[in-house]
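Summary of structural features
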Amino acid sequence: GAGVSQSPSNKVTEKGKDVELRCDPISGHTALYWYRQSLGQGLEFLIYFQGNSAPDKSGLPSDRFSAERTGGSVSTLTIQRTQQEDSAVYLCASSPDGNTIYFGEGSWLTVV
Amino acid sequence: QQQVKQSPQSLIVQKGGISIINCAYENTAFDYFPWYQQFPGKGPALLIAIRPDVSEKKEGRFTISFNKSAKQFSLHIMDSQPGDSATYFCAASHTWPGQNFVFGPGTRLSVLP
């Protein structure tokens, strides 16, 4: 079966532009997570969706960051007015049970 | 209270040796403790996980030791191989439908041939 799919795999954008990162979770997984990983660093929690519940947005670093999940499946992470410090790998993960989470391979974002 | 501490930051081990990575947590509500392995350019992948009702879990060369009273858990890699060279993250979470996972900062393991 297919794993968590993320697109684009690589994105180079100019400072100040908006970017959208897409995540297709594993079919049937009700939980979806977004994490950010800077080069050689750990995993920074951004946002968590669980079913139809209100998302946990406590990790979003600023109001330039937002995410939505449509139909309980695909999710889009949007970064407005990108800054150089936004350069990182954005990892999406999904889970069927809230315990075992499966990561995608990430979207590598570079802001120049 | 949500933090998970992990050490060492980096580790170099000779082939065949034992790699040991330690983690500690504060929140006693955590009840699921997985370890993730990440190779360069890839997303983290679940390696092994434990719940606090057992003190040890072994899968092949990988063992988790769990000390509930000390709020510590560790990953032991026996007979370490160069292919084990990766970054390892410990994590903690609440039982479903609880909060999101909290990850440690990671340990970069290098196994020398």
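Please refer to the structure higher up on the page.
Here's what I pulled together on the structure shown here. Sequence order sets the numbering: in each chain, residues are counted from 1 along the sequence as written. All chains are assigned letters beginning with A, and all ligands numbers beginning with 1, in the order in which they are written. For a predicted model such as this one, the threshold for reporting local features is a pLDDT of at least 70, and the threshold for listing and counting side-chain atom pairs is 80 or more; totals across whole chains, interfaces and linings nevertheless cover every residue. Note that the side-chain values use all heavy atoms of the structure and ignore hydrogens as well as water.

1. Here's the deal with the overall build of chain B
Looking only at helices and strands, chain B has zero helices and eleven strands in total. Labels follow the DSSP assignment, with helices taken as runs of H or I lasting at least four residues and strands as runs of E lasting at least two, numbered in each case from the N terminus. Going residue by residue from the N terminus, the α and β elements of chain B occur as β-β-β-β-β-β-β-β-β-β-β. In this description the radius of gyration comes from C-alpha coordinates, and the expected globular size is given by 2.2 Å times residues to the power 0.38. Relative to the globule expectation of 13 Å for 113 residues, the C-alpha radius of gyration of chain B, 14 Å, shows essentially globular dimensions. Summarising its shape, the C-alpha atoms of chain B cover approximately 40 × 30 × 20 Å along the three principal directions. Think of it in three bands: with a 1.4 Å probe and only protein chains considered, a residue is buried below 20% of the maximum accessible area for its type, exposed above 50%, and partly exposed in between. The 113 residues of chain B split such that 47% are buried.

2. Digging into the environment of Tyr48 of chain A
Residue and element names in this part refer to chain A. Relative to the helices and strands, Tyr48 is located in strand E5 (residues 44-50). The class of Tyr48 is buried, set by a relative accessible area of 7%. The spatial distance from the C-alpha of Tyr48 to the C-alpha of Arg69 is 10.0 Å, given a sequence separation of 21 residues.

3. A few points about unusual backbone geometry
Here the amide bond leading from Ser7 of chain A into Pro8 of chain A is cis, since omega sits at -10°, within 30 degrees of zero. Note on placement: Pro8 of chain A falls in the loop between strand E1 (5-7) and strand E2 (10-13). Cis geometry marks the peptide bond from Ser7 of chain B to Pro8 of chain B; its omega dihedral reads -5°. Here Pro8 of chain B lies in the loop between strand E1 (4-7) and strand E2 (10-14). Even without being a glycine, Arg81 of chain A presents a positive backbone phi close to 45°. Among the structural elements, Arg81 of chain A can be located in the loop between strand E7 (75-79) and strand E8 (88-95). Among the residues examined, Arg81 of chain A registers a relative accessible area of 43% and is labelled partly exposed. Of note, Asp79 of chain B is a non-glycine position whose phi angle comes to about 45°, a positive value. Counting through the fold element by element, Asp79 of chain B comes out in the loop between strand E8 (72-77) and strand E9 (86-92).

4. Some thoughts on the pairing of strand E3 (residues 19-24) of chain A
Residues and elements named next belong to chain A. Here E3 shows one buried face, formed by Val19, Leu21 and Cys23, and one open face, formed by Glu20, Arg22 and Asp24. Bridge count for E1 against E3 is three bridges, and the pairing is antiparallel. Bridging from a neighbouring strand, Ser7 pairs with Arg22 of E3. Two strands pair if DSSP finds at least two bridges between them. Bridge count between E3 and E7: five bridges; the pairing is antiparallel.

5. Section: the pattern of salt bridges
Salt bridges are defined by distance alone: a side-chain nitrogen of Lys or Arg within 4 Å of a carboxyl oxygen of Asp or Glu. Tallying each qualifying case throughout the model produces eight salt bridges over all chains. For Glu44 of chain A, the salt bridge identified is with Arg36 of chain A, shortest N-O distance 2.9 Å. When its relative accessible area of 31% is taken as the criterion, Glu44 of chain A is described as partly exposed. The salt bridge involving Lys57 of chain B is made with Glu59 of chain B; its shortest N-O contact spans 3.6 Å. Note on Glu59 of chain B: relative accessible area 38%, which makes it partly exposed.

6. Concerning the nonpolar core
Counting residues in each nonpolar core, the largest one holds 25 residues, and the members touching the most others are Phe33, Trp35, Phe73, Leu75 and Tyr88 of chain B. Counting only elements with at least two residues in this core, the list comes to E2, strand E3 (19-25), strand E4 (33-38), strand E5 (45-50), strand E7 (62-67), E8, E9 and strand E11 (107-112) of chain B. At four residues, the largest contribution of residues to this core is made by E9 of chain B. Put simply, buried Ala, Val, Leu, Ile, Met, Phe, Trp, Tyr and Cys residues joined by side-chain atoms within 4.5 Å make one nonpolar core. Phe49, Leu60, Ile79 and Ala88 of chain A belong to the second largest nonpolar core, which has 20 residues in total.

7. With respect to the sheet that holds E1 of chain B
Residue and element names in this part refer to chain B. One open sheet accounts for five strands, arranged E1-E3-E8-E7-E6; its pairing is antiparallel. Looking at which strands have only one partner, the edges of the open sheet turn out to be E1 and strand E6 (56-59). Here the average twist between neighbouring strands, direction ignored, is 15°. Bridge count between E1 and E3: four bridges; the pairing is antiparallel. Within the sheet, the bridge partner assigned to Lys5 lies in E3 and is Ala24. Under this scheme, a helix contributes an axis fitted over its contacting stretch, all axes are lines through C-alpha atoms, and angles between N-to-C directions fall in the 0 to 180 degree range.

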